[in-house]
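# Notes for the structure review
Here is how the chains run, residue by residue.
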Amino acid sequence: METGDILKASNSLRGSLRAGSLRSGSSSVWRNSAVDVFSRSSREEDDEEALKWAAIERLPTVARLRKGILTSSQGGANEIDIVNLGWQERRTILERLVKVADEDNERFLWKFKNRIDRVGIELPTIEVRFENINIEAEAFVGTNALPSFLNFITSIFEGLLINMGILSSRMKKLTILKDVSGMIKPGRMTLLLGPPSSGKTTLLLALAGKLDPALQFSGSVTYNGHTMEEFVPQRTAAYISQFDLHLGEMTVRETLAFSARCQGVGTRYDMLSELSRREKQANIKPDPDIDVFMKAIATEGQEANVITDYTMKILGLDICADTLVGNEMLRGISGGQRKRVTTGEMLVGPARALFMDEISTGLDSSTTFQIVNSLRQTVHILNGTALISLLQPAPETYDLFDDIILLSDSVVVYQGPREHVVSFFESMGFKCPERKGVADFLQEVTSRKDQMQYWARKDQPYRFIAANEFAEAFQSFHVGMKLGEELGTPFDKKKSHPAALTTKKYGVGKWELLKACIAREFLLMRRNSFVYIFKCIQLTIVSCITMTLFLRTEMDRDSVQGGRIYMGALFFGMIFIMFNGMPELSMTITKLPVFYKQRDLLFFPPWAYALPSWILKIPMTFIEVSVWVFITYYVIGYDPNVER
């Protein structure tokens, strides 16, 4: 087509459009005005949001980190105070960021990461190395190990004679881990597999710095080249136990919120301050939803935090957030949900390394897959460090991991990429059947009972290959040789991020810890209010009976008989008030396992746990004593004046 034809065609098109507009009349005018109205409305909202953001940017750094812009479901932008976020505002933030956990979590994490990368901030990473670890325990064997009274007395005298060098110990040494070495890299999911009693829990405890002092330990564990004495491992790494120890009177939300309040925010606030400063210099406006979320999780001292709601959403606990956790005597959530609460209790903290022991016990395969997939997204995108022990994971869950550590008979049989583990055993003459799960194959191939069925070299006679032989063969396998070279190269401490390792013993200040413990103790007293009300009613009834028993308003004070009655009444009152507090002993003993767990995880010092219980129980004691004295004092005859 020539140029003249193009001009004619364009002119004819304009003419037809003009004629059509004249024929349409007022309907065209309405459509144009509607477009103008909607475009003007969107421009006004954008301008309003921009003005609010500009006002926030002019604030000082501390005040700027307390303000954010939250877009409501109707589309309006509202300035909010991060410190005083309400339940509805927290829900709105999560609905906009992670409405469906399975679909939106990865997208949200990438937005989170992109905001940090855009200004050149590097996230802290942790590389854990363990070399030549040997762990042994001494234990009695047979009837000597029974917790009987005779054995208890015998062990005391036997210990004295052993210390004096007269007797030798009858305890037998048991090897839990033998010359174990390896490396857990950041940004990679590592699966810890092994049959029962292979030492998986002991290895996790050793790496997390929570090993029992009674065990004999040798070897070295380093984080980014730093030994355990140079930082606080309990705060740097989060150990998630396979035992579910929680206070049954608290709800799921309250349990996670207390954990988040005690663990603090770590270095999130410092990172956010630097991030805000760089964005202001570069004139970069962040995503308002991501900005509010990051400011909310970096604000410590909140009784309810956004990170708590986010963790519940990821773990599927949002449906039972306000349900009591429960225990053996109190109905609560299911066993699988309680297991997820145990996991979430540590995920709400700022720890960059996760050591998780049997987190799938009691969970179905689909729930386990969802949780591990969420952890995988977090580890891969935010460069976290994770070592997870699972018992017989499903094939889909197994495929989510990058590295495998296989323990058997106290030694490491294989450690390296998941893709090469099957080829290693094929080089040893064992083949995984096509319809067999690789995880089940790995746990059975080192067993004397199950190993023979996987023998693939039919032209050679089968013989049992022990775990030690597998471990020696792995040293000459290409994956084992590469691991040895990496362990032989020391980690450059200069490459360690300053915020990677924690040197503070507790997550928040002593006053904040005391306030958190006081709030929890007051909550538990309210939940157990029936006990205190019943005690007061019981005290009232018994005091009325005592009043009629010692009815002596005109008692002779100079006689021996009167003194005996006085002393008897005083003694009975003191004994009854003392025994009236006995029900609280069982409540205190029930809470002790949870206290030991949280104390060892450095949630709070022991005094912060003991003081609130002592302070809050004093008013209750005064009330009980006042009830007794008010009813019995005049009637028994301690004083004839009723005013007293």
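Every chain is numbered on its own, with residues counted from 1 as its sequence reads. A pLDDT threshold of at least 70 governs which residues receive local features in this predicted model, and a stricter bar of 80 or more applies before side-chain atom pairs are shown or counted, although totals over entire chains, interfaces and linings include all residues. To get the side-chain values, all heavy atoms of the structure are used, and hydrogens and water are removed first.

Per an unreviewed UniProt entry, the protein chain goes by Pleiotropic drug resistance protein 1-like and derives from Gossypium australe. UniProt positions are given in the numbering used here, feature names are shortened, and annotations may be inferred rather than shown by experiment. What UniProt states about the protein chain under its Sequence similarities (unreviewed entry) heading is, verbatim, "Belongs to the ABC transporter superfamily. ABCG family. PDR (TC 3.A.1.205) subfamily." If you open the UniProt record of the protein chain and go to Subcellular location (unreviewed entry), you find "Membrane".

## Observations concerning the overall build of the protein chain
For helices the rule is a DSSP run of H or I covering at least 4 residues; for strands it is a run of E covering at least 2, with both sets numbered from the N terminus onward. Looking only at helices and strands, the protein chain features 24 helices and 12 strands. Buried residues in the protein chain amount to 45% of all 644 residues. It only takes one pair of heavy atoms within 4.5 Å for two residues to be counted as in contact. Contacts spanning at least 24 positions in sequence make up 77% of the contacts within the protein chain whose residues lie at least 6 apart. Accessible areas in this description were obtained via Shrake-Rupley with a 1.4 Å probe; residue shielding takes into account the shown protein chains only. Accessible area for the protein chain stands at about 34,000 Å²; split by element, carbon and sulfur atoms hold 58% of it. Burial here depends on accessible area, computed with a 1.4 Å probe over protein chains only, as a share of the maximum for the residue type. Under 20% is buried, over 50% is exposed, and the range in between is partly exposed.

## Regarding the pairing of strand E3 (residues 128-139)
In this description, strands pair whenever DSSP reports at least two bridges between them. Relative to strand E4 (residues 172-184), E3 runs antiparallel, the two being bridged by nine bridges. Note on E4: the bridge partner recorded for Ala137 is Leu174.

## Re the packing of helix H21 (residues 529-549) against helix H22 (residues 560-580)
Angles shown run from 0 to 180 degrees and are taken between the N-to-C directions of axes, each axis being a line fitted to C-alpha atoms and, for helices, limited to the stretch in contact. Following both chains from N to C, one finds H21 and H22 inclined at 165°, their axes separated by 11 Å at the closest point. Judged by the inter-axis angle, H21 sits roughly antiparallel to H22. Every pair of crossing elements has a handedness; the one defined by H21 and H22 is right-handed. Residues Lys535, Gln538, Leu539, Val542 and Thr546 of H21 pack against Phe572, Phe576, Ile577 and Asn580 of H22. Roughly parallel covers angles under 35 degrees, roughly antiparallel covers those over 145, roughly perpendicular covers 65 to 115, and oblique covers all other angles. Should the near helix be turned anticlockwise from the far one by less than a right angle, the crossing is left-handed, and should it be turned clockwise, the crossing is right-handed.

## Considerations on the environment of Met250
Among the secondary structure elements, Met250 is positioned in the loop between strand E8 (237-240) and helix H9 (252-263). Linking Met250 and Leu524, residues 274 residues apart in sequence, is a C-alpha distance of 7.4 Å. Apart from the residues within four sequence positions on either side, Met250 is in contact with Thr255, Phe258, Thr323, Leu324, Val325, Arg520, Leu523, Leu524 and Arg527.

## Describing the UniProt feature "transmembrane region" (unreviewed entry) in the protein chain
The positions UniProt marks with the feature "transmembrane region" (unreviewed entry) are residues 530-551, 563-582 and 614-636. Here residues 530-551 is 91% helix and 0% strand, with 31 Å between the C-alpha atoms at its ends. Measuring from the first to the last C-alpha atom of residues 563-582 gives 29 Å, for a span that is 90% helix and 0% strand.

## Quick look at the pattern of salt bridges
Between Lys or Arg on one side and Asp or Glu on the other, a salt bridge is scored when a side-chain nitrogen of the former is within 4 Å of a carboxyl oxygen of the latter. The full count for this structure, using the stated rule, is 30 salt bridges. With a closest N to O distance of 3.3 Å, Lys535 and Glu624 form a salt bridge. Taken together, the residues span a long stretch of sequence, with Lys535 in helix H21 and Glu624 in helix H24 (residues 606-636) at a distance of 89 residues. Each member of the salt-bridge network shares a partner with another, and the members are Glu521, Lys535, Glu584, Lys591, Lys617 and Glu624.

## Regarding the nonpolar core
Only buried Ala, Val, Leu, Ile, Met, Phe, Trp, Tyr and Cys residues count toward a nonpolar core, and they belong to the same one when joined by side-chain atoms within 4.5 Å. The biggest cluster of nonpolar side chains holds 115 residues, and the ones touching the most others in it are Phe424, Phe425, Phe430 and Phe604. With sequence-adjacent residues up to four places away left out, Phe430 is seen in contact with Phe425, Phe441, Val445, Gln451, Tyr454, Trp455, Tyr462, Ile465 and Phe470. Within the second largest apolar cluster, 29 residues are counted, among which are Leu192, Ala206, Tyr223 and Tyr239.

## Structural notes on the sheet that holds E8
Spatial strand order, E8-E9-E10-E5-E11-E12: six strands in an open sheet with mixed pairing. Each having just a single partner strand, E8 and strand E12 (411-417) make up the two edges of the open sheet. The sheet shows a mean angle of 15° between the axes of neighbouring strands, taken without regard to direction. Pairing between strand E5 (residues 189-193) and strand E10 (residues 385-389): four bridges, direction parallel. Its bridge partner being in E10, Thr190 is matched across the sheet by Leu387. Along the sheet, helix H13 (residues 335-347) makes contact with E8 and strand E9 (353-357), crossing E8 at roughly 170°.

## Quick word on H22
To estimate the expected span of a helix, subtract one from its residue number and multiply by 1.5 Å. The terminal C-alpha atoms of H22 lie 30 Å apart, and with 21 residues this matches the ideal 30 Å at 1.5 Å per residue to within 8%. Inspection of H22 places Gly562, Ile565, Tyr566, Ala569, Gly573, Phe576 and Asn580 among the buried residues, and these make up the whole buried set. The buried residues of H22 occupy one face: seen down the axis, they fall within an arc of 110°. Set apart from the buried face of H22 by more than 90 degrees, the exposed residues are Val560, Arg564, Met567, Phe571 and Met574. The elements touched by buried residues of H22 are H21, helix H23 (583-600) and H24. Our arc is simply the arc of the directions from the helix axis toward the C-beta atoms.

## What to know about the sheet that holds strand E6 (residues 216-223)
The sheet built from four strands is open, its strands ordered E4-E3-E6-E7 with antiparallel pairing. Looking at which strands have only one partner, the edges of the open sheet turn out to be E4 and strand E7 (226-227). Each of E3 and E4 touches helix H19 (residues 478-488); the most contacted strand, E4, lies at about 85° to it.

## Points about unusual backbone geometry
For Asn132, which is not glycine, the phi dihedral falls at a positive 50°. With respect to the helices and strands, Asn132 occurs in strand E3. Of the residues examined, Asn132 reaches a relative accessible area of 43% and is grouped as partly exposed. Even without being a glycine, Asn283 presents a positive backbone phi close to 55°. Tracing the backbone through its elements, the reader meets Asn283 in the loop between helix H10 (268-282) and helix H11 (288-297). Exposure remark for Asn283: the relative accessible area of 70% places this residue in the exposed category.

## Focus: the pairing of E6
Alignment of E3 against E6, held across seven bridges, turns out to be antiparallel. Looking across to E6, one finds that Phe130 is bridged to Val221. Hairpin connection between E6 and E7: a loop of two residues separates the two successive antiparallel strands, and Asn224 in this loop has a positive phi of roughly 55°.

## Some thoughts on H23
The terminal C-alpha atoms of H23, which comprises 18 residues, lie 27 Å apart, in line with the 26 Å expected from a rise of 1.5 Å per residue. The largest bend in H23 amounts to roughly 35° and is located at Leu592, with the proline Pro593 lying one to four residues further along. Taken together, the buried positions of H23 are occupied by Glu584, Lys591, Val594, Phe595, Lys597 and Gln598. Packed against the buried residues of H23 are H9, H13, helix H20 (510-527), H21 and H24. Once H23 ends, the next one or two residues include Leu602, with phi positive near 60°. Take the seven residues that end at a residue and the seven that start at it, fit an axis to each, and the angle between those axes is the bend at that residue.

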